[in-house]
Amino acid sequence: MLVTEGGVPLVPTCKKWGLEMGLSFFSKHLPIQEGQPWALKTPADIISTVEFNHTGELLATGDKGGRVVIFQREPESKNAPHSQGEYDVYSTFQSHEPEFDYLKSLEIEEKINKIKWLPQQNAAHSLLSTNDKTIKLWKITERDKRPEGYNLKDEEGKLKDLSTVTSLQVPVLKPMDLMVEVSPRRIFANGHTYHINSISVNSDCETYMSADDLRINLWHLAITDRSFNIVDIKPANMEDLTEVITASEFHPHHCNLFVYSSSKGSLRLCDMRAAALCDKHSKLFEEPEDPSNRSFFSEIISSVSDVKFSHSGRYMLTRDYLTVKVWDLNMEARPIETYQVHDYLRSKLCSLYENDCIFDKFECAWNGSDSVIMTGAYNNFFRMFDRNTKRDVTLEASRESSKPRAVLKPRRVCVGGKRRRDDISVDSLDFTKKILHTAWHPAENIIAIAATNNLYIFQDKVNSDMH
């Protein structure tokens, strides 16, 4: 069990990046120095996506400036037996640049919307990154040797005068400092009219899909000039539009199945064996609305912002504005589990609508055994729910709570009346500090939390004590 009061607490295990300040968090692109204000950051530095690779040894983040930063887990050493689990910067590169669509007179942001790792096939790693319009396939390789002793080239790579070549030699590989090279392998453009909100790699390792507000396209990883439209919900008359696609994902084991969520709170499971165009879903997962709870905000807060298959493939996890829900693929009528993330905000919906926070899109994540789920909230809080014990906890990702080897203390939001010493009032929550993007290590209890321009990495105390 990962987190419960009286259970196993979480401790931060981040290696400090930047100046030695005793802070156990990554300050994204902007090492915070003593005397600098905590709020010092630019919009380009705000992290927009976080993703572990399939082994958990690499962690990629994308930001609003179009940059991708890859962190690598440090191996355990004899001199520092407790260092395993710490992540350090491995590579940084510019994935996307701002563009301008002259036909539509629209600016295309460089912001990275999603990153997805491809299963590793050889020594190199590969990942897909996308902004609103263009998906790119990147290859990450290491080089620690360089060839020397060419017959026809000098040390600078220039061709020699052939008349000076009097003997032949065998080129040799000489050791060099490790160099991480990132190169673009494919660019998948012009496939979407609307903004891309999700990408998902298929279990066949040959195809992937990308979704925008109204369409889902299927791509082959080796073909960039065409894709197949597998879902199209655009009506003939746009005035008849009642919902949009908010997220989509392939089944982890069956390459023919995928799910997509909508702004009306429904999930549609589709089977590509049934038809080339999957407008007719195989299953519709939708919870009937309680008429007594109907309000002006009902449709907004029921919109699904994220959907994730469990590792087993049996369940689906969805996040809407106030709750996370677990669905069984064999039961469409209602979710089998519903967890309240921040129900204390129900009375604040009017003000959240006015400041646009009600449209925030929170992500959710499973742990490796599908027994605990995690999602973000406001005030740099994130929530965890143990499916077996039905216990939950609220934790905070902040500079104060991230001292090296410090135990994260559960936080509690109080709604009026008496409150305990460490409780925080719902009226004092900071809605500018929000955790939208989270990721969980595929096998271990290590989590990555993106809070504006800072990346926090925590692991449970049992795991850290074992190394």
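Residues numbered from 1 in each chain as written. Predicted model: local features only at pLDDT ≥ 70, side-chain atom pairs only at ≥ 80, totals over all residues. Heavy atoms only, no water.

The protein chain appears in an unreviewed UniProt entry as Serine/threonine-protein phosphatase 2A 55 kDa regulatory subunit B from Papio anubis. Of the protein chain, the UniProt comment under Sequence similarities (unreviewed entry) reads exactly: "Belongs to the phosphatase 2A regulatory subunit B family." (UniProt positions renumbered as here; feature names shortened; annotations may be inferred.)

A.B. asks: I'm lost on the overall build of the protein chain in this one. Help?
C.D. replies: When its secondary structure is counted, the protein chain shows three helices and 33 strands. Taken across its 467 residues, the protein chain has 48% of its residues classed as buried. The contacts of the protein chain with a sequence gap of at least 6 include a subset with a gap of at least 24, amounting to 54%. With the model as given, the accessible surface of the protein chain reaches about 23,200 Å², and the carbon-plus-sulfur share is 50%. (Helix = DSSP H or I, 4+ residues; strand = E, 2+ residues; numbered from the N terminus. Buried < 20%, exposed > 50% of the residue type's maximum accessible area, 1.4 Å probe, protein only. Contact = heavy atoms within 4.5 Å. Areas by Shrake-Rupley, 256 points an atom, 1.4 Å probe, with all protein chains shown as cover.)

A.B. asks: Could you clarify how one ought to interpret the nonpolar core in this entry?
C.D. replies: The tendency in soluble globular proteins is for nonpolar side chains to be buried side by side. Judged by nonpolar contacts, the single largest core of 29 residues is most densely connected at Tyr321, Val324, Leu345, Leu352, Ile373 and Leu429. Mapped by element, the contributors of at least two residues to this core are strand 23 (323–328), helix 2 (349–354), strand 25 (364–366) and strand 27 (381–386). Non-local contacts of Leu429, meaning those with residues more than four positions away in its chain, are made with Tyr344, Leu345, Asn379, Phe381, Val413 and Ile424. Residues Ala365, Leu408, Ile447 and Ala451 belong to the second largest nonpolar core, which totals 16 residues. (Core = buried A, V, L, I, M, F, W, Y, C linked by side-chain atoms within 4.5 Å.)

A.B. asks: When you look at the environment of Phe71 in this model, what are you seeing that I'm missing?
C.D. replies: Mapped onto the secondary structure, Phe71 falls in strand 5 (residues 67–73). Given the relative accessible area of 0%, Phe71 is considered buried. Taking the C-alpha atoms as reference points, Phe71 and Glu86, 15 residues apart in sequence, are found 9.5 Å from one another.

A.B. asks: Would you mind showing me how to read the sheet that holds strand 22 (residues 315–319) here?
C.D. replies: Across a sheet, paired strands are connected by hydrogen bonds in the backbone, their directions being either parallel or antiparallel. Sheet architecture is open: four strands sit in the order 21-22-23-24, paired in antiparallel fashion. Each of the sheet's edge strands pairs with one partner strand only, and the pair in question is strand 21 (306–309) and strand 24 (337–340). Within the sheet, the average angular offset between the axes of one strand and its neighbour, ignoring direction, is 15 degrees. For strand 22 and strand 23, the ladder comprises five bridges, and the chain directions are antiparallel. Opposite Arg319, over in strand 23, you have Val324 as the bridge partner. (Pairing = 2+ DSSP bridges. Axes fitted to C-alpha atoms, helices over the stretch in contact; angles between N-to-C directions.)

A.B. asks: Explain unusual backbone geometry here, please?
C.D. replies: Among all residues except glycine, the phi angle is most often negative; among peptide bonds, the trans geometry is most common. The backbone of Asp356 shows a phi angle near 70 degrees, a positive value even though the residue is not glycine. Within the secondary structure layout, Asp356 lies in the loop between helix 2 and strand 25. Take Asp356: its relative accessible area is 49%, and that puts it in the partly exposed class. For Lys390, which is not a glycine, the phi torsion comes out positive at approximately 65 degrees. Looking at the secondary structure, you find Lys390 in the loop between strand 27 and strand 28 (392–396). For Lys390, a relative accessible area of 47% translates into the label partly exposed.

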